[in-house]
Amino acid sequence: GYIDTPLLRNRALGRPHDAPVPAADEEASWTAAYAQWADEIPAKRIASPNELAELVAFLATPAAEYLNGPVLAFSGGIDKGLL
């Protein structure tokens, strides 16, 4: 799946992944690409970094200690054809 990061914004703008962080005034340019990509994702949106952080934080808690070898796909469903 896609996660809204400076790297993804640079990709949407056609820049190298290590280019400087895109400025806020360029948002319209990367959101157009985001909309196109989101259309291909069953969840119909790009994930936020906080969503992934919350999953990782949960996995580090005692509440997740019984999990044993699961495969968690953080993809919004885009990998449906890979399984």
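Everything below is about the structure printed above this text.
Quick summary incoming for the structure in this document. As the structure is a computational prediction, the values presented were derived from the model and not from experiment. (Residues numbered from 1 in each chain as written. Predicted model: local features only at pLDDT ≥ 70, side-chain atom pairs only at ≥ 80, totals over all residues. Heavy atoms only, no water.)

## Remarks on the overall build of the protein
Helix and strand counts for the protein stand at 3 helices and 0 strands. Helices and strands in the protein line up, N terminus first, as α-α-α. Against the 2.2 N^0.38 benchmark of 12 Å for 83 residues, the protein shows a C-alpha radius of gyration of 15 Å, more extended than a compact globule. For the protein, the C-alpha atoms occupy an extent of roughly 45 × 30 × 20 Å along the three principal directions. Here the analysis covers contacts within the protein between residues at least 6 apart in sequence; of these, 48% occur between residues at least 24 apart. Carbon and sulfur atoms make up 58% of the accessible area of the protein, which amounts to about 5900 Å² in all. Charge separation in the protein, taken as the distance between the mean sites of 6 positive and 11 negative side-chain charges, equals 6 Å. (Helix = DSSP H or I, 4+ residues; strand = E, 2+ residues; numbered from the N terminus. Rg over C-alpha atoms; globule rule 2.2 N^0.38 Å. Contact = heavy atoms within 4.5 Å. Areas by Shrake-Rupley, 256 points an atom, 1.4 Å probe, with all protein chains shown as cover. Lys, Arg positive; Asp, Glu negative; His and termini not counted. Charge placed at Lys NZ, Arg CZ, Asp CG, Glu CD.)

## So, the packing of aromatic side chains
In total, this model carries 2 aromatic pairs according to the counting rule given. Seen in terms of ring centroids, tyrosine 2 and tryptophan 37 are 5.1 Å apart; in terms of plane orientation they differ by 10 degrees. Their pairing is stacked. Taken together, the residues tyrosine 2 in the segment before α1 (6-12) and tryptophan 37 in helix α2 (residues 27-39) connect sequence positions 35 residues apart. Every member of this aromatic cluster is reached through a ring pair, and the members are Tyr2, Tyr34 and Trp37. In this structure, arginine 11 is placed above the aromatic ring of tryptophan 37, and the distance from its NZ or CZ to the ring centre is 5.1 Å. (Phe/Tyr/Trp six-rings, centres within 6.5 Å; stacked < 30°, edge-to-face > 60°. Lys NZ or Arg CZ within 6 Å of the ring centre and 35° of its normal.)

## A look at the pattern of salt bridges
Applying the stated rule across the entire model yields 3 salt bridges. Between arginine 9 and aspartate 4 there is a salt bridge, and its shortest N-O distance comes to 2.8 Å. We classify arginine 9 as partly exposed; its relative accessible area is 23%. (Salt bridge = Lys/Arg side-chain N within 4 Å of Asp/Glu carboxyl O. Buried < 20%, exposed > 50% of the residue type's maximum accessible area, 1.4 Å probe, protein only.)

Take it as geometry only, folks, not as evidence of what the structure does.
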